[in-house]
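Chain by chain, the residues run as shown.
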Amino acid sequence: MSTSYFAGCTVLVTGASAGIGREFARQLAPVVGSMILVARRAERLEALQLELKVINPDLEVFYRALDLRNHDDLAKFCNWLEESGLAVDLLINNAGLGDRGRFIDSDWDKVNAMLRVNIEALTYLTYRILPSMRKSGCGAILNVSSVAGFAPVPTIAVYAASKAYVTSFSEALRAELRSSNISVTVLCPGPVLTEFDSVAARSGADRLTTPNVVTIPVQRVVQEALASVARDRPRLIPGIVLQMIVTLVLFVPMFLKRLIYDLQLRREGAPRTNLRPDLGAKMHSHI
Ligand SMILES: NC(=O)c1ccc[n+]([C@@H]2O[C@H](COP(=O)([O-])OP(=O)(O)OC[C@H]3O[C@@H](n4cnc5c(N)ncnc54)[C@H](OP(=O)(O)O)[C@@H]3O)[C@@H](O)[C@H]2O)c1
């Protein structure tokens, strides 16, 4: 697919300092008119701005170092966007993070960051940018979710639930906007080698460092995602193997999924006990 569909557009990319977001900026740079890049690491955004200006000297690039966990800063950024007169044609809600490990052992700051960035910031940005799309009579929203959103996933419980929200919200919003000229597409990748896994990992031991059969190169994920937006597709799961796995997962009823989770637990050697095993032992001693 050529990216010509996006010719002259104004694009806002969140999470543009790394991985998938940075690749969106690189692939769109030759054709779009203006780009607004958002992430916390300003030096990365500045370097990307210079790189994009080499690809397309006519491109207007704005970057904002913004922590999407902070609602007040995000609201100020949206106010600036409105005042600047930059009407966003393509909103790419890409910023996100994960956390790998049991919820009971999690760090609240990281859990809270997932809720704020993956859910709240994505929803709020959409809420603030939609009116200008409605005014200009067209627009496209691309929300980056994950295959993890298709089922509850122990050890990434909050991340998977946050992505279930993104997928559900995107599908419902798409349906609401069908009579307008505003499209909504949700991208649900499987593993992509970016900084994502090192952010999600709690210890070096559980990192995904080597590509496997379902790992897709970031360039291909982005290429296919942009093609899906251009064709007004509702959802993209990059890679045929992953599409087949997701279809299977969706067909497996919840009671069978629970059985699989239980088997996994048993393999880890965690037997089920009484609710209060200490009291149970005392009662036995009285009998
Ligand atoms: N890689 C995968 O395997 C995979 C699979 C499925 C879905 N995804 C999804 O794809 C999206 C992009 O992930 P990625 O793989 O490109 O990961 P990445 O390389 O870690 O990039 C994440 C981006 O999000 C930004 N971000 C994180 N927290 C932020 C905050 N508080 N405020 C502002 N920006 C923040 C980061 O920028 P700063 O750190 O500079 O703020 C960075 O630019 C995420 O939504 C992720 O859930 C990834």
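Keep in mind that what you see is a predicted model, and the values were worked out from it rather than measured.

**Here we look at the overall build of the chain**
Step number 1: Regarding its fold elements, the chain presents 10 helices and 7 strands.
Step number 2: Projected onto its principal axes, the C-alpha coordinates of the chain cover approximately 85 × 40 × 40 Å.
Step number 3: The buried share of the chain, reckoned over its 287 residues, is 44%.
Step number 4: Of all intrachain contacts in the chain linking residues separated by at least 6 positions in sequence, the fraction that spans at least 24 positions is 72%.
Step number 5: In the form shown here, the chain has an accessible surface area of approximately 15,300 Å², with 58% of it arising from carbon and sulfur atoms.
Step number 6: Looking at the chain, you have 32 positive and 27 negative side-chain charges, and the mean spots of the two groups are 6 Å apart.

**Here's the deal with helix α3 (residues 71–84)**
Step number 1: Between its terminal C-alpha atoms α3 stretches 20 Å, which fits the 20 Å expected from 14 residues at 1.5 Å a residue.
Step number 2: The complete set of buried residues in α3 reads Leu-74, Ala-75, Phe-77, Cys-78 and Leu-81. Along α3, the residues classed as buried sweep out an arc of 155° about the axis, all on the same side. Turned more than 90 degrees away from the buried face of α3 sit Asp-72, Lys-76 and Glu-83, all of them exposed.
Step number 3: Against β1 (10–14), β2 (34–39), β3 (60–65) and α4 (108–136) lie the buried residues of α3.
Step number 4: You can read the cap of α3 off the contacts: a side-chain oxygen lies 3.1 Å from the backbone nitrogen of Asp-72, and it is on Asn-70.

**Considering the packing of aromatic side chains**
Step number 1: A full pass over the atoms with the stated rule returns 6 aromatic pairs.
Step number 2: Arg-64 extends its terminal NZ or CZ atom over the ring of Trp-80, reaching a point 4.0 Å from the ring centre.

**What to know about the site of the ligand**
Step number 1: Residues in close proximity to the ligand total 29 residues, the closest being Ser-17, Arg-40, Asn-94, Tyr-159 and Thr-194.
Step number 2: Here an oxygen atom of the ligand sits 2.9 Å away from a polar atom, N or O, in the side chain of Lys-163.
Step number 3: Between the ligand and Phe-196 there is a distance of 3.3 Å, counted from an oxygen atom to a backbone nitrogen or oxygen.
Step number 4: Calculation on the ligand without its partners gives an accessible area of 880 Å², and the protein chains cover 95% of this total.
Step number 5: Class assignment of the residues belonging to the shell around the ligand gives a composition of 14 nonpolar, 9 polar and 6 charged.

**What about the pattern of salt bridges?**
Step number 1: In total, this model carries 13 salt bridges according to the counting rule given.
Step number 2: Arg-41 serves as the salt-bridge partner of Glu-195, at 3.2 Å between the closest nitrogen and oxygen. One end of the pair, Glu-195, is in the loop between β6 (182–187) and α6 (196–200); the other, Arg-41, is in the loop between β2 and α2 (42–55), and 154 residues separate them in sequence.
Step number 3: Using a relative accessible area of 26% as the deciding quantity, one classes Glu-195 as partly exposed.
Step number 4: Looking at Arg-41, the relative accessible area reads 33%, which means it is partly exposed.
Step number 5: One connected set of salt bridges, linked through shared partners, spans Arg-41, Arg-44 and Glu-195.

**A word on the sheet that holds β2**
Step number 1: What the 7 strands build is an open sheet, ordered β3-β2-β1-β4-β5-β6-β7; its pairing is parallel. With one partner strand each, in any of the chains shown, β3 and β7 (235–236) form the two edges of the open sheet.
Step number 2: Sitting on the sheet, helix α5 (residues 157–176) touches β5 (139–144), β6 and β7, and the angle it makes with β6 is about 155°.

**Regarding the domain arrangement of the chain**
Step number 1: When its domains are assigned, the chain resolves into domain 1 (3–250) and domain 2 (252–287).
Step number 2: Domain 1 and domain 2 are separated by 39 Å when their C-alpha centres are compared.
Step number 3: The interface of domain 1 with domain 2 comprises 7 residues on the first partner and 4 residues on the second.
Step number 4: With both chains or domains summed, domain 1 and domain 2 bury close to 390 Å², and 59% of this area falls on carbon and sulfur atoms.
Step number 5: A per-residue breakdown of the area domain 1 buries against domain 2 is headed by Pro-152, Pro-154 and Val-249, which together make up 67% of the total.
Step number 6: Remark: the boundary between domain 1 and domain 2 carries 4 residue pairs in polar contact (both at pLDDT 80 or more).
Step number 7: Taken together, the residues that form the side of domain 1 that touches domain 2 break down as 7 nonpolar, no polar and no charged.

**Observations regarding a nonpolar patch on the surface**
Step number 1: Together, Val-213, Ile-240, Val-241, Met-244 and Ile-245 make up a nonpolar patch on the protein surface, roughly 490 Å² of accessible area in all.
Step number 2: One can find Ile-240 in helix α8 (residues 240–251).

**Side note on the layout of surface pockets**
Step number 1: Roughly 440 Å³ of volume is contained in the second largest pocket.
Step number 2: Along the walls of the second largest pocket sit 14 residues, with Arg-102, Pro-154, Thr-155, Leu-265 and Glu-268 positioned nearest its centre.
Step number 3: Counting residues per element, the lining of the second largest pocket draws most heavily on helix α9 (residues 254–267), at 5 residues.
Step number 4: Counting contributing residues per domain, the lining of the second largest pocket is built from domain 1 (3–250) and domain 2 (252–287), each supplying no fewer than three.

The rules behind each value
- Residues numbered from 1 in each chain as written.
- Predicted model: local features only at pLDDT ≥ 70, side-chain atom pairs only at ≥ 80, totals over all residues.
- Heavy atoms only, no water.
- Helix = DSSP H or I, 4+ residues; strand = E, 2+ residues; numbered from the N terminus.
- Buried < 20%, exposed > 50% of the residue type's maximum accessible area, 1.4 Å probe, protein only.
- Contact = heavy atoms within 4.5 Å.
- Areas by Shrake-Rupley, 256 points an atom, 1.4 Å probe, with all protein chains shown as cover.
- Lys, Arg positive; Asp, Glu negative; His and termini not counted.
- Charge placed at Lys NZ, Arg CZ, Asp CG, Glu CD.
- Expected span 1.5 Å × (residues − 1).
- Arc of directions from axis to C-beta.
- Polar contact = N/O pair within 3.5 Å; in protein donor to acceptor, adjacent residues only side chain to side chain.
- Phe/Tyr/Trp six-rings, centres within 6.5 Å; stacked < 30°, edge-to-face > 60°.
- Lys NZ or Arg CZ within 6 Å of the ring centre and 35° of its normal.
- Near = heavy atom within 4 Å.
- Nonpolar A, V, L, I, M, F, W, Y, C, P; charged D, E, K, R; others polar.
- Salt bridge = Lys/Arg side-chain N within 4 Å of Asp/Glu carboxyl O.
- Pairing = 2+ DSSP bridges.
- Axes fitted to C-alpha atoms, helices over the stretch in contact; angles between N-to-C directions.
- Domains from an automatic or database assignment.
- Buried area = accessible area lost by both parts, 1.4 Å probe.
- Patch = residues over 30% accessible without salt bridge, like charges linked within 9 Å, V, L, I, M, F, W, Y side chains within 5 Å.
- 1 Å grid on protein atoms, 1.4 Å probe; cavity = no way out; pocket = protein on both sides within 12 Å on 5 of 7 lines; lining within 4 Å.
- Points joined across faces, edges and corners; volume = space filled by probe spheres on them.

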